[in-house]
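A closer look at the structure
One letter stands for each residue in the lines below.
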Amino acid sequence: MPPQTTLLILGASGDLTSRLLLPALGQLLTLEPQRRIRLRGAGMDDWDDARWQQVVRDAFASAGFADAFEAIAETTYQRADITDPGDLTTLMADPGDRLALYFAVPPAVAAAACAALADVAIPEGTVLALEKPFGVDEPSARRLNATVARLVPEQQIFRVDHFLGRSTTLNLLGVRFANRVFAPVWSAQHIASVVVRYDETLGLEGRAGYYDHAGALVDMIQSHLLQVMAVLAMEPPATLRERDLRDATAAVLRATRVWGDDPATASRRARYTAGTVGGRPLPAYVDEPGVDAARATETLAELTCEVRNERWEGVPFTLRSGKALAGKDGEVVVTFRRVNHVPDGLTGDAPGSVLRFSLGPDRMDLELNVNGGDDPFELERARLEADLGAGALKAYGEVLSGILDADAALAVRGDAAEESWRIVDPVLAAWRAGEVPLEEYAAGSLGPEGWPKLP
């Protein structure tokens, strides 16, 4: 019989739990009904078991998995201060075969709760799952790593990055490592540039309390897109098990530097002004409720990096993410170099081939130069498309599956979290010093005029 896991969600009454965690859990239990789960919620709200159970039912039903509620062995709620060692001791009583603590709370609260856990007897095998951002800079990430390292082994610490649970990110591995047409040319000798982009049509959506302190660079590039880049650029691992995979991605981040070691020229930032996105009017970011205009928070960020190793030296990796843009555009774009020689007799341009992975809906496109239909000697562009499917699980479903199985392969390791901050800290310092202007773009546009167009 499989082990019974007790999933204890700290911050159970918050938006993250009802909007993302519970729907993903409902899907996971629907697809894998053999799982034996006890679900417990804890938070500052004065709820009873019945109120919590209704929240769980509603979240499951909203995602189309209402029947999954019956697969839970039991589900209860306790009002608790998760920064109090006494309350934590009570919450962790009767842990079942394995206990997983999911910190669905702001980072500062999670850090305080981890410090409180130092005075608590933690059941053997307990898994700790912490949301991003992990720290606010490299020194704070290092201190937080030291705190959690005193609690449980590294393999039981899940620094959650739901982008690593996206099926498209995982599809990068199959395409790259299982096809001879790509494996030999995955290097600076054949690739001219890489772009990892995640543009959103959504504006602030009531998240000022978090976002106005983070901004696009920390919210997306530091925590998500650098991890996607590491998967794309890593050396071939022997296996996709936890140690081999995370050794490979961490090595990429250790080798990564801001392009030209100059954050002022390698980065751009901007924030949106009033406009219309998809027919919906949006106010200027500075006029959104809860925003402090003096904080100069960016809603669009670009950063170009270089992976300084033998495979990638000289290839620009541009990471971009922003809000309130013209279209939802999440993708990885790999642009290959032009061929060295096109025989005389073939006419037309022959730009480098382009391989695109869409980050939802999951799709892969390959742009190639081919002979034209009307004139057999004229080159024209053709696109080959492959629908990669939606993936069996939502991104958070993949995350929860790893947590419940105590398999940290798709979690961010401690050293990788520190390296991600090391990469972006000089950029943040340059921005604070005013070395990079905060530009503007109208909501619903493609970004500031004059920014170089990405592939």
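All of these numbers come straight from a predicted model, not from anything done at the bench.

**A short note on the overall build of the chain**
The helix and strand tally for the chain stands at 11 helices and 18 strands. Radius of gyration (C-alpha) of the chain: 23 Å, near the 23 Å computed for a compact globule of 455 residues. By principal-axis analysis of the C-alpha atoms, the chain measures approximately 80 × 55 × 45 Å. Burial analysis of the chain (455 residues in total) assigns 54% to the buried set. Partitioning the contacts of the chain with sequence separation of at least 6, the portion at a separation of at least 24 is 78%. Carbon and sulfur atoms provide 51% of the accessible area of the chain, an area that totals close to 19,600 Å². Taking the 45 positively charged and 65 negatively charged side chains of the chain as two groups, their mean positions are separated by 2 Å.

**A look at the packing of aromatic side chains**
Using the criterion set out here, one finds 8 aromatic pairs in the structure. Residues Y211 and Y285 carry aromatic rings whose centres are separated by 6.4 Å and whose planes lie at 65 degrees to one another, so their mutual orientation is edge-to-face. Of this pair, Y211 sits in helix α7 (residues 208-233) while Y285 sits in the loop between β11 (280-282) and β12 (300-307), and the two are 74 residues apart along the sequence. Note on accessibility: Y211 and Y285 belong to one class, buried. Here the aromatic rings of Y272 and Y285 are separated by 5.8 Å at their centres, their planes lie at 80 degrees, and the arrangement is edge-to-face.

**So, the sheet that holds strand β3 (residues 72-79)**
With parallel pairing, 6 strands are arranged side by side in an open sheet as β3-β2-β1-β4-β5-β6. The two strands at the open ends of the sheet, each matched to only one other strand, are β3 and β6 (157-159). Each adjacent strand pair in this sheet contributes to an overall mean axis angle of 15 degrees, direction not counted. In terms of strand pairing, strand β2 (residues 36-43) meets β3 through 7 bridges, oriented parallel. Bridge pairing in β3 links R40 to T76. Contacting β1 (4-10), β2, β4 (98-103), β5 (127-130) and β6, helix α10 (residues 395-405) crosses the sheet at an angle of about 140 degrees to β4.

**Considerations on the nonpolar core**
Ranked by internal contacts, the top residues of the largest apolar core, which has 103 residues, are L101, F103, L117, W186, L217, F317 and L355. Ranked by residue count, the leading element in this core is α7, at 16 residues. Dropping the residues within four chain positions of it, F103 is found in contact with L10, A110, A113, C114, L117, L128, A129, L130 and E131.

**With respect to the side chain of E419**
Topologically, E419 is positioned in helix α11 (residues 414-432). Assessed through its relative accessible area of 17%, E419 is described here as buried. Setting aside residues up to four positions removed in sequence, E419 forms contacts with L253 and R254.

**A word on the pattern of salt bridges**
All chains considered together, the criterion is met by 37 salt bridges. The partner of R356 in a salt bridge is E331, and the shortest N-O contact between them spans 3.2 Å. Placement of R356 in strand β15 (residues 354-359) and of E331 in strand β14 (residues 329-336) is noted, with a sequence separation of 25 residues between them. Given the relative accessible area of 16%, R356 is considered buried. Exposure remark for E331: the relative accessible area of 10% places this residue in the buried category. Across the salt bridge formed by R363 and D365, the nearest N and O atoms sit 3.4 Å from each other. The class for R363 is partly exposed, based on a relative accessible area of 32%. Overall, D365 belongs to the buried group, its relative accessible area being 4%.

**Quick notes on helix α1 (residues 15-31)**
Here α1 spans 24 Å end to end across 17 residues, near enough to the 24 Å set by a 1.5 Å rise per residue. Of the residues making up α1, those classed as buried are L16, T17, L21, L22, P23, A24, L25, G26, Q27, L28 and L29. If you follow the buried residues of α1, they end up packed against β1, β2, α2 (49-62), β3, β4 and α10.

**What to know about the layout of surface pockets**
To locate leftover empty space, one rolls a probe as large as a water molecule over the atoms. The space that makes up the second largest pocket amounts to roughly 680 Å³. Along its surface, the second largest pocket is lined by 27 residues, and V136, H213, A214, V218 and W421 are the ones closest to its centre. Those elements that place two or more of their residues in the lining of the second largest pocket are α4 (107-117), α5 (138-149), α7 and α11. Here the lining of the second largest pocket gets 7 residues from one element, more than from any other, and that element is α7. For the lining of the second largest pocket, a count of residues per class yields 14 nonpolar, 6 polar and 7 charged.

**Section: α10**
In terms of burial, α10 is largely enclosed, as 9 of its 11 residues are buried. Inspection of α10 places A395, Y396, G397, V399, L400, S401, G402, I403 and L404 among the buried residues, and these make up the whole buried set. The inward-facing, buried residues of α10 contact β1, α1, β2, β4, β5 and β6. Looking one or two residues past α10, A406 carries a phi angle of roughly 55 degrees, positive in sign.

**Considering the pairing of strand β9 (residues 267-273)**
Among the 7 residues of β9, 5 are classified as buried, and the element is accordingly described as predominantly covered. With 4 bridges joining them, β9 and β12 adopt antiparallel strand pairing. The partner of A270 across the bridge, within β12, is L300. Relative to strand β18 (residues 438-442), β9 runs parallel, the two sharing 5 bridges. Across the sheet, residue R271 finds its bridge partner in β18, namely E440.

Criteria and cut-off values
Residues numbered from 1 in each chain as written. Predicted model: local features only at pLDDT ≥ 70, side-chain atom pairs only at ≥ 80, totals over all residues. Heavy atoms only, no water. Helix = DSSP H or I, 4+ residues; strand = E, 2+ residues; numbered from the N terminus. Rg over C-alpha atoms; globule rule 2.2 N^0.38 Å. Buried < 20%, exposed > 50% of the residue type's maximum accessible area, 1.4 Å probe, protein only. Contact = heavy atoms within 4.5 Å. Areas by Shrake-Rupley, 256 points an atom, 1.4 Å probe, with all protein chains shown as cover. Lys, Arg positive; Asp, Glu negative; His and termini not counted. Charge placed at Lys NZ, Arg CZ, Asp CG, Glu CD. Phe/Tyr/Trp six-rings, centres within 6.5 Å; stacked < 30°, edge-to-face > 60°. Pairing = 2+ DSSP bridges. Axes fitted to C-alpha atoms, helices over the stretch in contact; angles between N-to-C directions. Core = buried A, V, L, I, M, F, W, Y, C linked by side-chain atoms within 4.5 Å. Salt bridge = Lys/Arg side-chain N within 4 Å of Asp/Glu carboxyl O. Expected span 1.5 Å × (residues − 1). 1 Å grid on protein atoms, 1.4 Å probe; cavity = no way out; pocket = protein on both sides within 12 Å on 5 of 7 lines; lining within 4 Å. Points joined across faces, edges and corners; volume = space filled by probe spheres on them. Nonpolar A, V, L, I, M, F, W, Y, C, P; charged D, E, K, R; others polar.

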